[in-house]
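Residue strings, one per chain:
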Amino acid sequence: MGQKLSAMTYIKNNKRKVSVLVISMAMCLALFYLTQFLLTVSVETFRVFLVEQAKTVQYFRLPASAFDVDFSQMSEEEAYEKLAVGHEELAVRLEEVEGVKKAYYTDIGRATVSAVIGQYQVTFPFLPESEIDGYMEHCGVELIEGTLPKEENDIILSENILKNISLKLGDEVSGMKIVGVTDDNYYFGCGVREQATLGNQWICVLMDGSIEDLSAVVRQLGYEYDEKDAYFDDVKNGEHNLKMDVVDAIEFSMNLIYIGIVCVVSILVLIVYVSYMRDRRNEWCLYSSIGFSRKEIYAAIMRELLFTFVVALVTAVVISAVGMLALDALMIDAQGLKCRYWHADTVLECMTVLVVVMGLLQIPIRYALYKIRTIDAMDDELNA
């Protein structure tokens, strides 16, 4: 026949049925995307201080063996004093290395940041009062409330950290008083502590972003030590820890959710669409009776499905966008966490789900088309 079967005729005449199918698929896809969005909040948050911040500020501490210090051969006080001297000399030597702007041997503090899944500690240094302005400038942060640290154990923390640990300006934590708040572009901390704490001193290195493996730089300076006894918070270890402790930890959950969504959408669409096909058998028989071929009927069905799937995908995008904005405003930003809205891999997975479902639907559709009979053929079967 010269006339083409319209894919929109059934859709216009059965808006309620089509809407149920569209909304069901859209809700499943949106739920999948929002779940992935929430799970990756941990990755995006911890990436900031494990990797991004480590490009400009790194910390490390070498074992006693690197300085020929034997705690069994001397008093604890003498051993720590020798360790301090060795680290201070190393800090001076590091400042001569290309890519290093400044190195301090100093006490450190830690603040625990809790995300949707897991928690990690942010490290910050205690510096002389005269060095704090320069350190803040290097990190690219600004004081938005309070004052800079001046007294012993005064600290300033970023707004992100304070939101996360539910503290505010003027509060005290672990004997430290929060006297200032910085903007939330950085998980920042800094304080003043003149009295050193034995065993809590590390070398804080300010970088220009060109050094990722600080351990290799230290070895090039002639220091020998066992890797398992040294502690390095640099870009290389940050990327390793992010993958091992965060990404790999949630990957299994993400895969399970993906498999679950594929199964739910597939079963849901198959049940709904097969029930619709029973109601449409007479319609297709009529099309066949007036001269439309099975191929033309099949093409019309595919156009209907394609339209339905596209509308479901667009609806899922809208639901996901609204959901992410709401979650970010009400939960993520409120807890000082970071997120990323666009996840290309998750979008690809959602589209793959639709392709899989479309493929599965070929079985009942082709079977239903095979059973099509013209009205004349049906009359002949009844009269036979």
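Our subject is the structure that appears above.
The following refers to the structure shown.

Reading the values: rules and limits
- In this numbering scheme, every chain counts its residues from 1 along its sequence in written order.
- In view of the model being predicted, local features appear only for residues whose pLDDT reaches at least 70, and side-chain atom pairs are presented and counted only at 80 or more, with totals across whole chains, interfaces and linings using the full set of residues.
- Water and hydrogen atoms were dropped before computing side-chain values, which therefore reflect all heavy atoms in the structure.
- In summary, the pairing rule links any two rings of Phe, Tyr or Trp, Trp by its six-membered ring, whose centres are within 6.5 Å, and it sorts them by plane angle into stacked for under 30 degrees, edge-to-face for over 60 and tilted for everything else.
- Summary of the burial criterion: residues with accessible area below 20% of their type's maximum are buried, those above 50% are exposed, and those between are partly exposed, where the area comes from a 1.4 Å probe applied to protein chains only.
- For a lysine, the NZ atom is tested; for an arginine, the CZ atom; a charge sits over a ring if that atom is within 6 Å of the ring centre and within 35 degrees of the ring normal.
- Secondary structure elements are taken from DSSP: a helix is a run of H or I of four residues or more, a strand is a run of E of two residues or more, and numbering for both begins at the N terminus.
- Polar contacts, as used here, are pairs of N or O atoms within 3.5 Å; protein pairs need one atom able to donate a hydrogen and one able to accept it. Residues neighboring in sequence count only if both atoms are side-chain atoms.
- Any two residues whose heavy atoms approach within 4.5 Å are treated as being in contact.
- Within the patch definition used here, like charges are joined within 9 Å and nonpolar side chains (Val, Leu, Ile, Met, Phe, Trp, Tyr) within 5 Å, considering only residues with over 30% relative accessible area and no salt bridge.
- Each accessible area is a Shrake-Rupley estimate made with a 1.4 Å probe; only the visible protein chains count as cover when residues are assessed.
- The salt bridge criterion pairs a side-chain nitrogen of Lys or Arg with a carboxyl oxygen of Asp or Glu, the two atoms within 4 Å.
- The sign given to each residue is positive for Lys and Arg and negative for Asp and Glu; His and the chain ends receive no count.
- Here the site of a charge means NZ on Lys, CZ on Arg, CG on Asp, or CD on Glu.
- Strand pairing requires that DSSP identify at least two bridges connecting the strands.
- Angles shown run from 0 to 180 degrees and are taken between the N-to-C directions of axes, each axis being a line fitted to C-alpha atoms and, for helices, limited to the stretch in contact.

1. Points about the packing of aromatic side chains
The relation between two aromatic rings is expressed through the spacing of the ring centres and the mutual angle of the planes.
Then, number 1: Within the structure shown, the criterion is met by 14 aromatic pairs.
Then, number 2: An angle of 80 degrees between the planes, with centres 6.0 Å apart, marks the rings of Tyr-287 and Phe-292 as edge-to-face. For the pair Tyr-287 and Phe-292, one class covers both residues: buried.
Then, number 3: The residue whose ring lies beneath Arg-110 is Trp-202, and the NZ or CZ to ring-centre distance is 5.1 Å.
Then, number 4: Sitting above the plane of the Tyr-225 ring, Arg-219 keeps its charged end 4.2 Å from the centroid.

2. So, the environment of Leu-286
Then, number 1: Positionally, Leu-286 belongs in helix H7 (residues 235-289).
Then, number 2: Take Leu-286: its relative accessible area is 43%, and that puts it in the partly exposed class.
Then, number 3: Along the backbone, Leu-286 and Ile-372 are 86 residues apart, and their C-alpha atoms lie at a distance of 9.2 Å.

3. Thoughts on the side chain of Arg-193
Then, number 1: Among the secondary structure elements, Arg-193 is positioned in the loop between strand S8 (189-192) and strand S9 (201-207).
Then, number 2: A polar contact is formed between the side chain of Arg-193 and the side chain of Asp-107, at a distance of 3.3 Å.
Then, number 3: Here Asn-153 takes part through its side chain, which lies 2.9 Å from a polar atom of the side chain of Arg-193.
Then, number 4: With sequence-adjacent residues up to four places away left out, Arg-193 is seen in contact with Asp-107, Ile-108, Phe-126, Glu-152, Asn-153, Met-176 and Asn-200.

4. What about a nonpolar patch on the surface?
Then, number 1: A cluster of nonpolar side chains, namely Leu-306, Val-310, Val-314, Val-318 and Val-322, defines an oily patch on the protein surface of about 440 Å² accessible area.
Then, number 2: Val-322 sits in the exposed class, given a relative accessible area of 53%.

5. What to know about a negative patch on the surface
Then, number 1: Taken together, the side chains of Glu-129, Asp-133, Glu-137, Glu-151, Glu-152 and Glu-194 define an acidic patch exposed on the protein surface.
Then, number 2: Summarising the element assignment, Glu-151 is placed in the loop between strand S4 (143-146) and strand S5 (154-158).
Then, number 3: Classification of Glu-151 by relative accessible area gives exposed; the value is 53%.

6. Some thoughts on the side chain of Glu-44
Then, number 1: Its place among the elements puts Glu-44 in helix H2 (residues 15-52).
Then, number 2: Once residues within four sequence positions are removed from consideration, Glu-44 is found in contact with Lys-338, Cys-339 and Arg-340.

7. As for the pairing of strand S3 (residues 119-125)
Then, number 1: Of all seven residues making up S3, five are buried, and the element is well covered by its neighbours.
Then, number 2: In this sheet, S3 lies alongside strand S2 (residues 100-114) in antiparallel orientation, the contact comprising seven bridges. Bridge pairing in S3 links Ile-108 to Pro-125.
Then, number 3: Hairpin geometry of S2 and S3 is characterised by an intervening segment of four residues between the two adjacent antiparallel strands and by a positive phi of about 85 degrees at Gly-118.

8. Topic: the pairing of S2
Then, number 1: With seven bridges connecting them, S2 and S9 associate as antiparallel partners. By the bridge assignment, Tyr-104 is partnered in S9 with Cys-204.

9. Quick word on the sheet that holds S2
Then, number 1: With antiparallel pairing, five strands are arranged side by side in an open sheet as S3-S2-S9-S1-S10. Looking at the sheet topology across the chains shown, the edges are occupied by S3 and strand S10 (231-233). The mean inter-strand angle of the sheet, taken between neighbouring strand axes irrespective of direction, is 35 degrees.
Then, number 2: Against the sheet, helix H4 (residues 132-139) contacts strand S1 (57-61), S2, S3 and S9, and its axis sits at roughly 115 degrees relative to S1.

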